[in-house]
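Read off the chains here:
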Amino acid sequence: MTTPRGTKRNRRSGLTLLELLLASAGTALVGVAIVMMLSAVTMGTRSSSDLRQAVIKQRAIAGRITAAVRASCMVLAAEDDLLILWMADLDLSGTPNLAEIRRIERDNASGELRHYMAPGDLSPAANTQFPLDADFAAITAPLRSTAAFPREVWATGVTRWSIATDMETVRDTTLVSTRLTLDLGEHEEPMLAVAALRSTGNTSFIHADDIWDMTDDVEIDGDEANGKGKKKSKHKGKGKGKAKGHKKGKGDHHH
């Protein structure tokens, strides 16, 4: 009698087929939940990484555009998808030449933001001088991607680029604002950039001799007859250097 009772008790302690199925289904549900959670974390991390890359790309493009504007003395042409800048009057001619010009444009077909500028070893024969009232958009267009005006790609995936200036006459511009839209795959992100030119107007074209011509703005103080007088400049910095030069000259004339 003892053995059959023990056998019956052992059979009752096992799992039925239904219980096994329910346990397997519960385990599967837990596994699915874990997989979904990990997938969501992965997608969130990837999205954050893509956003960081987009922000870095935007800042890099904005930095290049604003740096180009700030390093220039005049806007020669400005319209949607095109900005031409006069960097500096390096030869003090009062008019731009090819070595002093940079062209930034968006190519509609490729979506590239392209930059054109003459190389540092540009030959004098290729360094063409242009009148200030020239059509620089038309003049520089055939020079693009040549040895004298090579191309550099600044950005890709640019869908739109609009440019605005603070003056009606483009050559009087002091402030340039741009709105550039990037294709980030699932959406487009506009980017704003505003920059002021380094210098404007005639101040960019003053010759070195003219900068020091401040004799009318200098006041005399002290005994000039003894060569010991001091001159006070109304200008700071470089004007002070001019006054010292005149002081020495007066002293030599006295002797």
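Residues numbered from 1 in each chain as written. Predicted model: local features only at pLDDT ≥ 70, side-chain atom pairs only at ≥ 80, totals over all residues. Heavy atoms only, no water.

> Hey, could you run me through the pattern of salt bridges in this one?
Charged atoms that come close allow side chains of opposite charge to pair. For the structure on display, the rule yields six salt bridges. With a shortest N-O distance of 2.9 Å, Glu105 and Arg103 are connected by a salt bridge. Arg103 matches Glu105 in its accessibility class, with the two residues each being buried. Between Arg114 and Asp107 there is a salt bridge; the shortest N-O distance is 3.6 Å. Several salt bridges share partner residues, and in doing so they unite Arg103, Glu105 and Arg144 into one network. (Salt bridge = Lys/Arg side-chain N within 4 Å of Asp/Glu carboxyl O. Buried < 20%, exposed > 50% of the residue type's maximum accessible area, 1.4 Å probe, protein only.)

> Would you take a moment to explain the sheet that holds strand E5 (residues 151–155) for this structure?
Sheet strands pair via backbone hydrogen bonds, and the direction of the pair is either parallel or antiparallel. On the basis of which strands lie adjacent, the open sheet formed by five strands has the order E1-E2-E3-E4-E5 and antiparallel pairing. In this open sheet, the two edge strands, each paired with only one partner strand, are strand E1 (74–79) and E5. Pairwise comparison of adjacent strand axes, ignoring direction, gives a mean angle of 20° for this sheet. As paired elements, strand E3 (residues 101–107) and strand E4 (residues 112–117) share six bridges and run antiparallel to each other. Bridge assignment links Asp107 to a residue of E4, and that residue is Glu112. (Pairing = 2+ DSSP bridges. Helix = DSSP H or I, 4+ residues; strand = E, 2+ residues; numbered from the N terminus. Axes fitted to C-alpha atoms, helices over the stretch in contact; angles between N-to-C directions.)

> I'm lost on a nonpolar patch on the surface in this one. Help?
Taken together, the side chains of Val30, Ile34, Met37 and Leu38 make up a nonpolar region of the molecular surface, amounting to roughly 380 Å² of accessible area. Along the chain, the position of Met37 falls in helix H2 (residues 17–70). (Patch = residues over 30% accessible without salt bridge, like charges linked within 9 Å, V, L, I, M, F, W, Y side chains within 5 Å. Areas by Shrake-Rupley, 256 points an atom, 1.4 Å probe, with all protein chains shown as cover.)

> Just checking my understanding: could you explain the packing of aromatic side chains for this structure?
Each aromatic ring pair is described using two quantities: the centre-to-centre distance and the angle formed by the ring planes. Tallying each qualifying case throughout the model produces two aromatic pairs. Here the aromatic rings of Tyr116 and Phe149 are separated by 6.0 Å at their centres, their planes lie at 20°, and the arrangement is stacked. Within this pair, whereas Tyr116 is found in strand E4, its partner Phe149 is found in the loop between helix H3 (136–140) and E5, the two being separated by 33 residues in sequence. Phe149 carries the same exposure label as Tyr116, and that label is buried. An angle of 80° between the planes, with centres 6.0 Å apart, marks the rings of Phe130 and Phe136 as edge-to-face. Phe130 gets classed as buried once you look at its relative accessible area, which sits at 8%. Residue class for Phe136 comes out buried when judged on its relative accessible area of 1%. (Phe/Tyr/Trp six-rings, centres within 6.5 Å; stacked < 30°, edge-to-face > 60°.)

> Please explain unusual backbone geometry as it appears in this structure.
When glycine is set aside, most residues are seen to have a negative phi, and most peptide bonds are trans. Non-glycine residue Asp81 carries a positive phi angle of around 75°. On the secondary structure map, Asp81 appears in the loop between E1 and strand E2 (82–86). Non-glycine residue Ser145 carries a positive phi angle of around 65°. Considering the arrangement of structural elements, one finds Ser145 in the loop between H3 and E5. Note on Ser145: relative accessible area 46%, which makes it partly exposed.

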